[in-house]
Amino acid sequence: MNRYPSRPVVLCLSGHDPSGGAGLQADIEALLAQGCHAAPAITALTVQDTVDVRDFRILDRAWVLAQADAVIGDLPVAAVKLGMLGSLEMVDTVVEIMARLPGVPLVCDPVLRAGGGGALGKDEVGYAIRERLLPLCRIATPNLPEARILAELPDGSADACAEKLLAHCEHLLITGGHGDEREVHNRLYARDGSRHDFTCARLPGSYHGSGCTLASTLAGRLALGEELASAVNSALDYTWRTLRDAEQPGHGQYVPRRL
Ligand code: PLP
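Just so it is clear, the model here is predicted, and its values are computed rather than measured.

Student: Go over the site of the ligand, please, and point to the residues and values.
Tutor: Lining the immediate environment of the ligand, one finds 18 residues, of which Gly15, Gly23, Ala114, Gly115 and Gly211 sit closest. Of all the elements in the fold, those that place two or more residues in the shell around the ligand are β1 (9-16), β2 (37-48) and α7 (210-223). Sort the elements by how many residues they give to the shell around the ligand and α7 lands first, with 3 residues.

Student: Provide a residue-level description of the nonpolar core, including the pertinent values.
Tutor: Formed by 81 residues in total, the largest nonpolar core has its most connected members in Val10, Val107 and Leu218. Contacts of leucine 218, omitting those with residues within four sequence positions, involve Val107, Ile139, Thr141, Ala231, Val232 and Ala235.

Student: Describe the packing of helix α5 (residues 144-151) against helix α6 (residues 158-165), naming the residues involved and giving the relevant values.
Tutor: Two elements in contact, α5 and α6, have axes separated by 9 Å at closest approach and are oriented at 45°. By the angle between their directions, the pair α5 and α6 is classed as oblique. Viewed along their axes, α5 and α6 form a crossing whose handedness is left-handed. Contacts between α5 and α6 involve Leu144, Ala147, Arg148, Leu150 and Ala151 from the first element and Ala158, Cys161, Lys164 and Leu165 from the second. For the contact of α5 with α6, the residue count by class is 7 nonpolar, no polar and 2 charged.

Student: Quick one: what's the story with the pairing of strand β7 (residues 171-174), residue by residue and with numbers?
Tutor: Of the two faces of β7, both are covered, the one formed by His171 and Leu173 as well as the one formed by Leu172 and Ile174. As paired strands, β7 and strand β8 (residues 183-190) are joined by 4 bridges and run antiparallel to one another. Looking at β8, one finds that histidine 171 is bridged to alanine 190.

Student: Which residues make up α6, and what values do they have?
Tutor: Along an α-helix, residues three or four positions apart point the same way, because every turn accommodates 3.6 residues. If you check which residues of α6 are buried, you get Ala158, Cys161, Ala162 and Leu165. Down the axis, α6 shows its buried residues gathered within 100° of arc, on one side only.

Student: Let's hear about the UniProt feature "domain: Pyridoxamine kinase/Phosphomethylpyrimidine kinase" (unreviewed entry) in the chain: which residues, and what values?
Tutor: UniProt records the feature "domain: Pyridoxamine kinase/Phosphomethylpyrimidine kinase" (unreviewed entry) for residues 17-253 in the present numbering. As annotated, residues 17-253 has a helix share of 41% and a strand share of 20%, and its two end C-alpha atoms lie 14 Å apart.

Student: Describe in detail the environment of glutamate 89, supporting the description with residues and values.
Tutor: Relative to the helices and strands, glutamate 89 resides in helix α3 (residues 88-99). Separated by 29 residues in sequence, glutamate 89 and aspartate 60 have C-alpha atoms that sit 8.9 Å apart.

Here is what the cut-offs are and how they apply
Residue positions within a chain follow its written sequence, with the count starting from 1. In keeping with the predicted nature of the model, local features appear solely for residues at pLDDT of at least 70, side-chain atom pairs appear and are counted solely at 80 or more, and the whole-chain, interface and lining totals rest on all residues. Near residues are defined by distance alone, with the backbone-placed C-beta atom required to lie within 6 Å of the molecule or strand. Think of it this way: any DSSP run of H or I at least four residues long counts as a helix, any run of E at least two long counts as a strand, and we number them from the N terminus. Buried Ala, Val, Leu, Ile, Met, Phe, Trp, Tyr and Cys residues whose C-beta atoms connect them within 7 Å together make up a nonpolar core. In this scheme the burial state of a residue depends on its C-beta neighbours within 10 Å: 20 or more other such atoms mean buried, 12 or fewer mean exposed, and anything in between means partly exposed; the C-beta positions come from the backbone. By definition, residues are in contact whenever their C-beta atoms, placed on the basis of the backbone, come within 7 Å of each other. Convention adopted: a line fitted to C-alpha atoms gives each axis, helices being fitted over their contacting stretch, and angles between N-to-C directions are expressed from 0 to 180 degrees. Here the angle decides the label: under 35 degrees means roughly parallel, over 145 means roughly antiparallel, 65 to 115 means roughly perpendicular, and every other value means oblique. Left-handed is the label given to a crossing in which the near helix is rotated counterclockwise from the far helix by less than a right angle, and right-handed is the label when the rotation is clockwise. The nonpolar class holds Ala, Val, Leu, Ile, Met, Phe, Trp, Tyr, Cys and Pro. Asp, Glu, Lys and Arg form the charged class, and all remaining residues, Gly among them, are polar. Paired strands are those between which DSSP finds at least two bridges. Taken from the helix axis, the directions to the C-beta atoms give the arc we talk about. UniProt positions are given in the numbering used here, feature names are shortened, and annotations may be inferred rather than shown by experiment.

Structure follows, in structure tokens:
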């Protein structure tokens, strides 16, 4: 007997960060805070703290497919969130998983670096994400440094990167959190030419897991049925609040307070 209607399920394909700031723990916490149920499937294990990454190991493709199949065979997946993939093979694995979920919105955070700057995948993984996964996405959420890598425009503006990347995906949110202006400028681009600007006050400090928080919240909002621009607005607002309330549990970056 079902006592309560189930919360929307979001399948998360992300890496695990043992410091708890980023990766799957960020996804789970952010999704719980939206009233969603996270189904966390691990793509990679990392060795890191709040300062930086020391190592990582990508899981075998068969293990990731088996995790995803267990979830898809049992739970009504309403959205999918992608975080760290780490290898070309994992990009292809996700393409295969998405073929089993036709029509389900996909949110892609193209993770290539940790907040402290350490690599979580080579740039060629970013190019494969651009070619094979962006076309399947409802929206991708690169920060400006990630957008520059994906667009292969090392000094490009957000607008210049977006123009190139919109050839591959329908919608793009380029976040400006890594700049140094007083305000953070985030811009939502759509292939039909429309643009939405979302500006917020820059908070002091550097954060571990802000991108994961944003992308999983957005996936949760889409799973709840919110329209895209409104979902982006809600996700940016929530993420900003988690950064405002962030804690510094270790010696490095601040960790968003998501719950
Ligand atoms: N995914 C994993 C597993 C990570 O460890 C990290 C950063 O450490 C990220 C994603 C990206 O983190 P951020 O949200 O700070 O960009």
